[in-house]
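# Examination of the molecular architecture
What follows is each chain in one-letter form.
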Amino acid sequence: MGVTEIEPPRIEPGLCRLCVGYCPVLVTVEGGRATKVSGDPAAPLFDGYACPKGRALPDLLNGKQRLLHSMVRGADGGHSAIGFEQAIKEIASKLTGIVERHGPEAVAIYSGTGVTGFPTSAAVAKAWLDALGSPMFFSVNTIDKPGMQIAQARHGLWEAGHPAFEEADAWILVGSNPIISKTGGFPQNNPGMRLKEAVNDRGMKLIVIDPRRSEMARRAHVHLQCIPGNDPAILSALIHVIIAEKLYDEAFIDLHAEGFAALASAVAPFTPAFVAKRAGVPQQDLIEAARTFAAARAGGIFCGTGPSFATHGTLTEYLANCLTTLCGHWARAGDPLQKPNVLLPAYSARAQPIAPWPENAGRPLRVRGLRGNASGMPVAALPDEILLEGPGQIRALICLGGNPVTAFPDHKRTVEALRSLELFVVLDPEMTPTAELADYVIAPKLMLELPGTSLAMEMIKYLGHSRGIEVPYARYAPAVVDPPAGSELVADWEVFYELAREMGLPLTLVTHYGASPSPEAPPLKISFDMSRRPSSDELIEAILQNSRIPLSEVKRYPHGHIFVEVQETVQERSADCTARLQIGNKEMMAELEQIASSARPWNEDMPFLLVPRRDNRLVNSYGRGSTVLSGRQTFNPGWLNPADMRRLGLVDGDRIRIRSAHGEIVAFAEGDQSIRAGIISLTHCFGGSPDKEDDPVRDGANVAKLLSVDDDFDPVTGIPRMGALPVHIARAIN
Ligand SMILES: Nc1nc2c(c(=O)[nH]1)N[C@H]1C(S)=C(S)[C@@H](COP(=O)(O)OP(=O)(O)OC[C@H]3O[C@@H](n4cnc5c(=O)[nH]c(N)nc54)[C@H](O)[C@@H]3O)O[C@H]1N2
Ligand SMILES: Nc1nc2c(c(=O)[nH]1)N[C@H]1C(S)=C(S)[C@@H](COP(=O)(O)OP(=O)(O)OC[C@H]3O[C@@H](n4cnc5c(=O)[nH]c(N)nc54)[C@H](O)[C@@H]3O)O[C@H]1N2
Ligand code: SF4
Ligand SMILES: [Mo]
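Quick caveat: nothing in here was measured; it's all calculated off a predicted structure.

## A look at the pattern of salt bridges
For the structure shown, the criterion picks out 39 salt bridges. Of the charged contacts, one joins Glu359 and Arg154 as a salt bridge, the two residues approaching to 2.6 Å between their closest N and O atoms. You can see Glu359 sitting in the loop between strand 14 (353–354) and helix 15 (382–387) and its partner Arg154 sitting in helix 5 (residues 146–155), a full 205 residues away along the chain. Summarising the burial analysis for this pair, Glu359 and Arg154 share the class buried. With a closest N to O distance of 3.0 Å, Arg332 and Asp249 form a salt bridge.

## Description of the site of ligand 1
Near ligand 1 lie 31 residues; those nearest to it are Tyr110, Thr113, Ala407, Asp428 and Ser621. A distance of 2.8 Å is found between an oxygen atom of ligand 1 and a backbone nitrogen or oxygen belonging to Asn403. One of the side-chain N or O atoms of Asp492 is found 2.8 Å from a nitrogen atom in ligand 1. Expressed as a share of its isolated accessible area of 920 Å², the protein-covered part of ligand 1 is 96%. A class-by-class count of the residues in the shell around ligand 1 yields 16 nonpolar, 11 polar and 4 charged.

## Observations concerning the packing of aromatic side chains
On inspection of all chains with the given rule, the structure shows 14 aromatic pairs. Ring plane angle 50° and centroid distance 5.2 Å describe the contact between Trp158 and Phe252, whose orientation is recorded as tilted. In this pair, Trp158 sits in strand 8 (residues 157–158) while Phe252 sits in helix 9 (residues 250–256), placing the two residues 94 residues apart along the sequence. Both residues of the pair, Trp158 and Phe252, belong to the buried class. Consider the rings of Phe165 and Phe186, whose centres lie 4.9 Å apart with planes at 65°: the pair is edge-to-face. In this pair, Phe165 is assigned in the loop between strand 8 and strand 9 (170–174) and Phe186 in the loop between helix 6 (178–181) and helix 7 (191–201), connecting sequence segments 21 residues apart. Its relative accessible area of 3% is what places Phe165 among the buried residues. Of the residues examined, Phe186 reaches a relative accessible area of 0% and is grouped as buried. Put simply, the rings of Trp158, Phe252 and Trp330 touch in pairs and so form one group of aromatic residues. A cation over a ring is seen here: Arg368 above Phe713, with NZ or CZ 5.6 Å from the ring centre. The ring of Tyr476 has Lys555 lying over it, and the distance from NZ or CZ to the ring centre is 4.7 Å.

## Focus: the domain arrangement of the protein chain
Partitioning the protein chain into structural domains gives domain 1 (70–144 + 369–442), domain 2 (162–330 + 580–593) and domain 3 (601–731). Inter-centroid distance (C-alpha atoms) of domain 1 to domain 2 is 37 Å.

## Here's the deal with the sheet that holds strand 2 (residues 24–30)
Pairing is antiparallel in the open sheet, where 3 strands are placed in the order 1-2-3. Because the sheet does not close on itself, it has two edges, and the strands there are strand 1 (10–15) and strand 3 (33–39). Across this sheet, the average inter-strand angle for adjacent strands is 30°, counted without regard to direction. Summarising the sheet, strand 2 and strand 3 pair through 6 bridges and their orientation is antiparallel. Residue Glu30 lies in a different strand from strand 3, and its bridge partner there is Arg33.

## Overview of helix 3 (residues 84–102)
Compared with an ideal rise of 1.5 Å per residue, which puts 19 residues at 27 Å, helix 3 spans 26 Å between its outermost C-alpha atoms and is within 8% of the ideal. Among all positions in helix 3, only Phe84, Ala87, Ile88, Ile91, Ala92, Leu95, Gly97 and Ile98 are buried. Of the residues trailing helix 3, Gly103 is marked for its positive phi of about 90°.

## Re the side chain of Thr432
With respect to the helices and strands, the residue Thr432 is situated in the loop between strand 16 (423–427) and strand 17 (440–442). At 2.9 Å, the side chain of Thr432 and the backbone nitrogen of Ala435 are in polar contact.

## Comments concerning the sheet that holds strand 4 (residues 70–73)
Here we have 7 strands laid out as an open sheet, ordered 5-4-17-16-15-6-7, and mixed in their pairing. Each edge of the open sheet is held by one strand with a lone partner, namely strand 5 (79–82) and strand 7 (137–139). Direction aside, neighbouring strands of the sheet carry axes that sit 20° apart on average. Taken together, the 3 bridges between strand 16 and strand 17 define a ladder with parallel strand orientation. The residue bridging Val425 from the neighbouring strand is Tyr440, located in strand 17.

What counts, and at which threshold
- Residues numbered from 1 in each chain as written.
- Chains lettered and ligands numbered in written order.
- Predicted model: local features only at pLDDT ≥ 70, side-chain atom pairs only at ≥ 80, totals over all residues.
- Heavy atoms only, no water.
- Salt bridge = Lys/Arg side-chain N within 4 Å of Asp/Glu carboxyl O.
- Helix = DSSP H or I, 4+ residues; strand = E, 2+ residues; numbered from the N terminus.
- Buried < 20%, exposed > 50% of the residue type's maximum accessible area, 1.4 Å probe, protein only.
- Near = heavy atom within 4 Å.
- Polar contact = N/O pair within 3.5 Å; in protein donor to acceptor, adjacent residues only side chain to side chain.
- Areas by Shrake-Rupley, 256 points an atom, 1.4 Å probe, with all protein chains shown as cover.
- Nonpolar A, V, L, I, M, F, W, Y, C, P; charged D, E, K, R; others polar.
- Phe/Tyr/Trp six-rings, centres within 6.5 Å; stacked < 30°, edge-to-face > 60°.
- Lys NZ or Arg CZ within 6 Å of the ring centre and 35° of its normal.
- Domains from an automatic or database assignment.
- Pairing = 2+ DSSP bridges.
- Axes fitted to C-alpha atoms, helices over the stretch in contact; angles between N-to-C directions.
- Expected span 1.5 Å × (residues − 1).

Below is the structure:
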């Protein structure tokens, strides 16, 4: 008689990629399942940190909410399990029919946040769409901070990037809260610890612009607790002071920039007195912030999602670039190069500009004058491109790791559009409100079941300050567990490989290094062998074939490693460089002029402004299905200043009705001294099935129901008003 051998528990180093923190973790594996995840004290740079989400990975992998098989929708509208091969056959056949009838452009992909942990998934998806002949690839990036890329296209980039955070003595965060979001604007490796070191130990002066006394703002030298939506005015006031007091770096501007006179003239009306009144902040604090930033030997500024959604998001990002250039806060020749390439191909950066580039060269769309732009195809146009009949109408959509029903800024139109599709396929580990509308839901393997690397942390280095790791760090993590027993799961990218094979399409993956007009290595093209599907590890090897440090070397360090040997210094500006940074872009200066003369009228019926925030337990909607993460509180409270609570006769836990010009939701009021009066702060990505009315306790409140894509939208990015949103608040009767 055989004896079942029980495998003793083992502890494996893994890599959490739930958010861009990419924390190294230790995974306890028992009986083939991950049972515990904690920070990895043996890993460099992170001090053993892992947040509640990372520690809940075992539940995200093994919890009841996880789909273990792909699903198909039946005639009654309900979903039942389907074999992966069968699902691919049926999807491929339906797609072929749609392409035959309407052309390849009728097929689109939306790629969301869920696949940022294995960026190759979106790249293979894009390769498949390219092979099909459709340009309709929409990335979540365009409903995040797309203004960052438009602003860079208008301003240009600095080849050598930013000075070291560790050298910085001033740092500005505009509506970004990296202690919770980890997303940038601050070192991503344990931002709480880096904040303590910088502010407490080194005396770095932090300036935070945020209507909420956020976790970051509590440590600020100056906290401008503004009326939301005033970021362009506030940054203009800082520039105004810096120019008026001649605090700028004249030599740097003379050599590397143009447009100074236009900028000086455009910010002239934005005196500290004018902006103080308009933004509701002390005049002296504006002056102090400007002086502090200009006096810094090295400094940085980062704009988060707060200003991105409060309208004029591109302008805010642009002015942040102007401030940096005015003060010459870019890395200089001889400085240690930040974020040197390790997994990316070798590259030496010079202390010189990359000239501005065309921002709007993409494919024209049919709605609101929008088109493909420097940030990609605007997601804000996607629902209308599905709904609008005629040539070019999108009839099939594949949603890769996204949740449009809770994330897109127009719930009604999004649901109507998704319902009207001829074919809707969702790749998601859970039956989300979006997946409920799908014809097919493909259940993917998750991290810990797949290998991963730190490549993505290198690839985001051009997107604003402090994105990625400053030192030459690299990490490879193998798959540490098998998918749950009895499941049938695939890696996301394999879906597109199999669709290509089934449809007889060749697949060529193009990996882009660096920024759009980057001087770095040209894109690498990898043609797949369609007769044999590679493993995820083979794919990683192919992508990293030109890496500066060979993958085999990186693998020698299971906890990650700092490869000091590739640390470089910034090179001199080359003699033939004629590029200049543009700080007086015409469109931006015109938008500024318009802002100077048009204060928003006070809306008596809607006296509150709704602003976004992140929840430490979730990544957007991901985590809501986990009882470990959202067990105690399944909803998103509406945080209000206690004085407003008293005025409205509310106590904690009271139901409130929040009404905007476009819709109404019910939430639970919660008093919070850190919120500026007149503001309600609410997390997005809540709300339940589109087929049922939201239950405020079980589903929370879906902010997207208050938004319309037509409202004050940005002419380039298409992002409508998603923050600084006028709302009316009243106690709900029940
Ligand atoms: N009102 C308002 N709206 C907003 C925002 C806001 O602040 N306020 N923020 C905006 C921003 S910045 C963003 S990024 C978007 C987010 O928009 P989305 O990316 O569309 O939304 P998420 O909720 O992040 O959806 C991620 C999905 O991926 C799934 N997932 C997790 N892991 C995997 C995986 O390995 N594979 C696959 N296939 N799926 C996976 C999750 O279950 C989840 O359903 O929302 C935007 N919308
Ligand atoms: N825990 C957690 N981490 C996440 C996510 C998550 O959902 N949860 N989501 C991930 C994603 S997709 C993203 S894009 C990033 C986002 O990362 P961040 O941009 O850092 O997002 P938040 O933490 O919401 O910080 C935004 C701040 O802007 C403030 N704000 C609101 N309106 C305004 C305004 O008009 N002006 C100014 N100046 N400030 C304003 C809010 O009060 C808030 O403190 O986080 C990522 N990381
Ligand atoms: S901060 Fe992000 S990467 Fe780190 S453990 Fe939390 S979710 Fe994972
Ligand atoms: Mo985001």
